[in-house]
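Below, each chain spelled out in residue letters.
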Amino acid sequence: MTGRDGEDNNSWPLGEVLRRARDEKGWSQEDAAQKARFSRTSWQQLESGRRADRKPFRPKADTVINAALAVDVEPVEALRLANLDPTKYEPARAGRPTATVTEVRELVMRLTEEQRQAVVNLIRSFTEPIPSNSPTTAEAYRHTAIKKRPRDDDEEDED
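These lines cover the structure that appears in this document, whether it is placed above or below. (Residues numbered from 1 in each chain as written. Predicted model: local features only at pLDDT ≥ 70, side-chain atom pairs only at ≥ 80, totals over all residues. Heavy atoms only, no water.)

**Quick notes on the overall build of the protein chain**
In step 1: Each helix and strand counted, the protein chain has nine helices and zero strands in total.
In step 2: Shown N-terminal to C-terminal, the secondary structure of the protein chain runs as helices and strands in the order α-α-α-α-α-α-α-α-α.
In step 3: By the burial criterion, 25% of the 159 residues in the protein chain qualify as buried.
In step 4: In the protein chain, the share of contacts with a sequence separation of at least 24, taken over all contacts with a separation of at least 6, comes to 51%.
In step 5: Accessible area of the protein chain: about 11400 Å², with a carbon and sulfur share of 50%. (Helix = DSSP H or I, 4+ residues; strand = E, 2+ residues; numbered from the N terminus. Buried < 20%, exposed > 50% of the residue type's maximum accessible area, 1.4 Å probe, protein only. Contact = heavy atoms within 4.5 Å. Areas by Shrake-Rupley, 256 points an atom, 1.4 Å probe, with all protein chains shown as cover.)

Below, the structure is given as structure tokens:
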């Protein structure tokens, strides 16, 4: 397989690292591209180091970071392999969210009604102002969890 400059893969080391990481997951290029939130063509270009017109592919830092995160490659290393400035990676400002609305919805649907209510309360704590007389989210959760948990010493309390 030739790389970016018509030489071996060492001329575009990022492509080999991404391909290996993708293969380890058992993913197709389409699977990896979906996870990274871009097209299969873009993923192919990242792995080959070439555009469709055979000119060198020069990805943006965000593209490299998203691809790396998709296949669990260290973003700083991926940037270095792409000859991009690794100091451009700021994990707190990484290009893609850690969870999509669809992923959250799928997870929430697996929860019991009680668990869903706890998640809704937690989300509300981030989005709505808290009245000064209400318990904190942690206090409310502890109260609910304690109330629902069966006690081993119920028989002893009845004496």
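**Let's talk about the nonpolar core**
In step 1: In terms of nonpolar packing, the biggest core is built from 23 residues, with Leu 14, Leu 18, Trp 43, Leu 46, Val 64 and Val 71 touching the most fellow members.
In step 2: When contributions to this core are tallied by element, the ones reaching two or more residues are α1 (13–25), α2 (29–36), α3 (40–48), α4 (61–70) and α5 (75–81).
In step 3: Per element, the largest residue contribution to this core is five residues, and it comes from α4.
In step 4: Excluding residues within four positions of it along the chain, Leu 18 makes contact with Trp 43, Leu 46, Glu 47, Ala 67, Ala 68 and Val 71. (Core = buried A, V, L, I, M, F, W, Y, C linked by side-chain atoms within 4.5 Å.)

**Observations regarding the side chain of Gln 29**
In step 1: Along the chain, Gln 29 falls in helix α2.
In step 2: Looking at Gln 29, its side chain comes within polar contact range of the side chain of Glu 47, at 3.0 Å.
In step 3: Those residues in contact with Gln 29 that sit more than four places away from it in its chain are Arg 22, Arg 40, Trp 43, Gln 44 and Glu 47. (Polar contact = N/O pair within 3.5 Å; in protein donor to acceptor, adjacent residues only side chain to side chain.)

**Quick notes on the packing of α2 against α4**
In step 1: Interhelical geometry of α2 versus α4 gives an angle of 115° and a closest axis separation of 8 Å. Judged by the angle between their axes, α2 and α4 are roughly perpendicular. Note that α2 runs across α4; the crossing there is right-handed. Contacts from Ala 32, Lys 35 and Ala 36 of α2 reach α4 at Asn 66, Ala 67 and Ala 70. (Axes fitted to C-alpha atoms, helices over the stretch in contact; angles between N-to-C directions. Parallel < 35°, antiparallel > 145°, perpendicular 65-115°, else oblique. Left-handed = near helix turned anticlockwise from the far one by under 90°.)

**Here's the deal with the pattern of salt bridges**
In step 1: Going through the model one piece at a time under the given rule, you end up with ten salt bridges.
In step 2: Between Arg 22 and Glu 47 there is a salt bridge, and its shortest N-O distance comes to 2.6 Å. Of the two residues, Arg 22 sits in helix α1 while Glu 47 sits in helix α3, which places them 25 residues apart along the sequence.
In step 3: By relative accessible area, which is 7% here, Glu 47 ends up buried.
In step 4: Arg 51 is the partner of Asp 53 in a salt bridge, and the nearest nitrogen-oxygen pair spans 2.5 Å.
In step 5: You can call Asp 53 partly exposed: its relative accessible area is 42%.
In step 6: Residue Arg 51 is classed as partly exposed on the basis of its relative accessible area of 33%.
In step 7: Through salt bridges with shared partners, one network takes in Glu 16, Arg 19, Arg 20, Arg 22, Asp 23 and Glu 47. (Salt bridge = Lys/Arg side-chain N within 4 Å of Asp/Glu carboxyl O.)

**Points about the packing of α2 against α3**
In step 1: Interhelical geometry of α2 versus α3 gives an angle of 105° and a closest axis separation of 8 Å. One finds that α2 runs roughly perpendicular with respect to α3. Contact with α2, carried on its side by Gln 29, Glu 30, Ala 32, Ala 33 and Ala 36, involves Arg 40, Trp 43, Gln 44 and Glu 47 of α3 and no other residues of that element.
In step 2: Class assignment for the residues of the contact of α2 with α3 results in four nonpolar, two polar and three charged. (Nonpolar A, V, L, I, M, F, W, Y, C, P; charged D, E, K, R; others polar.)

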